[in-house]
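Remarks on the overall topology
So you can see what is in the structure, the chains are spelled out below.
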Amino acid sequence: MHRFFVSPQAIRDNRVVMRGTVVHQIRDVLRMNPGDEFVLLDNSGFAYRAEIVTIDRDVLRGRVVEKWKLETEPTTRVTLYQGLLKGQKFDWVLQKGTEIGIAAFVPVLAARCLVGSLDDVSAARMERWQRIVVEAAEQAGRAALPHIGAAMLFANACEYAARGGLSLIPWEGERARGLRDALQDIPKSKEINLFIGPEGGFAEEEIATARDHTVVPVSLGPRILRAETAGLAAAAAILYELGDLG
Ligand code: SAM
């Protein structure tokens, strides 16, 4: 059954009122009609089975037929601080990371990013990323929409992450500590901040800055993963290790 994220205001007293492009998608693309049903998600942790009552060019009116609590969010909150990537690779990380169960993404401008500056993260690009996350969350049946934070410089991201949780920076130069070792002392908050470098990796001074902010370097093993692979592999391993992936 089709799933759509809506704002909480769209559902009131078992009545549904939807406006905007999603109405066009439902009516003209999916060709749904009065009597048809779909699932609504409003970021509250609940899902609603709704039946279309009327639909015209701009407004869909429906009624809630069933409401249930969703149990699809991991108990561990993983925030991926991802070095900015060229082309569509960042889109890929957002889509797959949302499916895996990442709670938040923070684009990071690292020294070796092929992307020039924070200005490269335009409002239009953020809007496109938001659409990718919404679509992936609908497909995955997520109860909560992953958040995309404002793009940050690496040092600021280390400071920001230091506000709470266990912060890890997978680094190919780390030989002693593996990911599993680092997960031995999980904070009660079960919050994990995961720093992944851009295509060119992290500079030595960035690893030093990370250590200064108690961001712990870890190895992901002897094979070098592409930047767009490493965050997904590490997040999946963390969620699996902490019982959030089956
Ligand atoms: N230095 C890499 C190389 O020689 O190709 C480039 C960096 S790698 C493509 C991108 C990021 O993935 C790294 O900054 C790191 O965060 C992570 N990464 C990839 N493989 C890793 C590994 N085996 N152990 C730890 N981190 C890894």
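Residues numbered from 1 in each chain as written. Predicted model: local features only at pLDDT ≥ 70, side-chain atom pairs only at ≥ 80, totals over all residues. Heavy atoms only, no water.

1. Notes on the side chain of glutamate 228
Selection criterion: Numbering of helices and strands runs from the N terminus; a helix is a DSSP stretch of H or I covering at least four residues, while a strand is a stretch of E covering at least two. Two residues form a contact once any of their heavy atoms are found within 4.5 Å.
On the secondary structure map, glutamate 228 appears in helix 7 (residues 227-241). Sequence-distant contacts of glutamate 228, that is, excluding residues within four places in its chain, are made with Leu85, Lys89, Trp92 and Val93.

2. Re the domain arrangement of the protein chain
Condition: Each domain's extent is set by a domain assignment, obtained either automatically or from a database. As a working definition, buried area equals the accessible area (1.4 Å probe) given up by two parts on being put together, with both sides summed. What qualifies as a polar contact is a pair of N or O atoms within 3.5 Å, subject to a donor-acceptor requirement within protein and to the restriction that residues adjacent in sequence count only when both atoms come from side chains.
Under the domain assignment, the protein chain is made up of domain 1 (3-69) and domain 2 (77-241). Taking only C-alpha atoms into account, the centre of domain 1 sits 33 Å from that of domain 2. Facing seven residues of domain 1, the contacting portion of domain 2 comprises ten residues. When domain 1 packs against domain 2, close to 640 Å² is buried across both sides, 53% of that on carbon and sulfur atoms. In terms of surface lost to domain 2, no three residues of domain 1 exceed Arg3, Phe5 and Asn43, which account for 78% of the buried area on that side. Viewed at the interface, domain 2 and domain 1 are joined by four residue pairs in polar contact (both at pLDDT 80 or more). With three residues, the single largest contributor to the side of domain 1 that touches domain 2 is strand 1 (residues 3-5).

3. What about the state of the cysteines?
Put plainly, a disulfide is one covalent bond tying together the sulfur atoms of two cysteines. To keep it simple, the criterion reads: Disulfide assignment relies on a single distance test, namely cysteine sulfur atoms paired within 2.5 Å. Under the scheme applied here, a residue whose accessible area is under 20% of the maximum for its type counts as buried, over 50% as exposed, and between as partly exposed, the area being computed with a 1.4 Å probe on protein chains only.
Applying the stated rule across the entire model yields zero disulfides. In this structure cysteine 158 is not part of a disulfide, and its nearest cysteine sulfur, from cysteine 113, lies 13 Å away. Here cysteine 158 falls in the buried class, since its relative accessible area comes to 0%.

4. Re the site of the ligand
Operational definition: Summary of the distance rule: residues count as near a molecule or strand when at least one heavy atom falls within 4 Å of that molecule or strand. Per-residue and other accessible areas were derived by the Shrake-Rupley procedure at a 1.4 Å probe size, with only the shown protein chains allowed to occlude residues. Here a cavity denotes a set of grid points, spaced 1 Å apart and computed over the protein atoms alone, in which a 1.4 Å probe fits but from which it cannot get out, and a pocket denotes an open set meeting protein on both sides within 12 Å along at least five of seven lines; residues with an atom within 4 Å of a point are reported as lining. Here the criterion for a molecule occupying a pocket or cavity is that more than half of its atoms lie within 2 Å of the pocket grid points. Nonpolar residues are Ala, Val, Leu, Ile, Met, Phe, Trp, Tyr, Cys and Pro. Charged residues are Asp, Glu, Lys and Arg, and all others, Gly as well, are polar.
By nearness alone, 19 residues border the ligand, and Pro170, Glu172, Gly221, Arg223 and Leu225 come closest of all. Contacts to the ligand include arginine 223, whose backbone N or O atom sits 2.7 Å from a nitrogen atom. In isolation the ligand offers 570 Å² of accessible surface; the protein chains occlude 83% of this area. The site holding the ligand turns out to be the largest pocket. The residue makeup of the shell around the ligand, split by class, is eleven nonpolar, four polar and four charged.

5. Focus on helix 4 (residues 154-161)
It helps to recall that an α-helix has 3.6 residues per turn; residues three or four apart then point in one direction. Under the convention used in this document: The directions from the helix axis to the C-beta atoms are what the arc is built from.
Buried within helix 4 are the following residues: Phe154, Ala157, Cys158 and Ala161. Axial view of helix 4: buried residues confined to an arc of 100°, hence all on one face.

6. Section: the pairing of strand 4 (residues 37-41)
Using the following cut-off: The pairing criterion for strands is at least two bridges between them, as found by DSSP.
Summarising burial for strand 4: four of the five residues are buried, a large majority. Pairing of strand 1 with strand 4, which is carried by three bridges, proceeds in the parallel orientation. Residue phenylalanine 4 lies in a different strand from strand 4, and its bridge partner there is leucine 40. When strand 4 meets strand 5 (residues 46-55), the two strands line up antiparallel, connected through five bridges. Following the sheet pairing, glutamate 37 is matched in strand 5 by glutamate 51. Hairpin connection from strand 4 to strand 5: four residues lie between these consecutive antiparallel strands, with asparagine 43 at a positive phi of about 70°.

7. Some details on the layout of surface pockets
The rolling of a water-molecule-sized probe over the atoms marks out the regions of remaining empty space. In plain terms, the rule: Grid points are joined across faces, edges and corners, and a volume is the space filled by probe spheres set on the points.
If you add up the space inside the largest pocket, you get close to 310 Å³. Pro170, Glu172, Ile224, Leu225 and Ala230 are, among the 19 residues lining the largest pocket, the residues nearest its centre. Residues of the lining of the largest pocket, tallied by class, amount to ten nonpolar, five polar and four charged. The calculated volume of the second largest pocket comes to roughly 270 Å³. Together, Phe4, Phe5, Val6, Ser7, Val22, Gln25, Gln130, Arg131, Val134, Glu135, Glu138 and Leu145 line the second largest pocket. Among the secondary structure elements, those contributing two or more residues to the lining of the second largest pocket are strand 1, helix 1 (21-29) and helix 3 (123-140). Two domains each put at least three residues into the lining of the second largest pocket: domain 1 (3-69) and domain 2 (77-241).

8. Digging into the packing of aromatic side chains
Test applied: A pair of aromatic rings is counted whenever rings of Phe, Tyr or Trp (Trp by its six-membered ring) have centres within 6.5 Å, and the orientation is called stacked for planes under 30 degrees apart, edge-to-face for over 60 and tilted otherwise. Note on criteria: charge over ring means Lys NZ or Arg CZ within 6 Å of the ring centre, with the direction from the centre no more than 35 degrees off the ring normal.
In the structure shown here, the tally under the stated rule is five aromatic pairs. Pairing phenylalanine 154 with phenylalanine 195 gives two aromatic rings, centres 5.9 Å apart and planes at 75°, and the pair type is edge-to-face. Of this pair, phenylalanine 154 sits in helix 4 while phenylalanine 195 sits in strand 12 (residues 191-196), placing them 41 residues apart in sequence. With respect to burial, phenylalanine 154 and phenylalanine 195 carry one shared label: buried. For the ring pair phenylalanine 154 and phenylalanine 202, a centre distance of 5.3 Å and an interplane angle of 50° mean the geometry is tilted. One end of the pair, phenylalanine 154, is in helix 4; the other, phenylalanine 202, is in the loop between strand 12 and helix 6 (204-212), and 48 residues separate them in sequence. Across this residue pair, the class does not change: phenylalanine 154 and phenylalanine 202 are buried. One aromatic cluster is present, built from ring pairs that chain together Tyr81, Phe154, Phe195 and Phe202. A cation over a ring is seen here: lysine 67 above phenylalanine 46, with NZ or CZ 4.5 Å from the ring centre. Its end group placed over the ring of tyrosine 160, arginine 163 keeps NZ or CZ at 3.7 Å from the ring centre.

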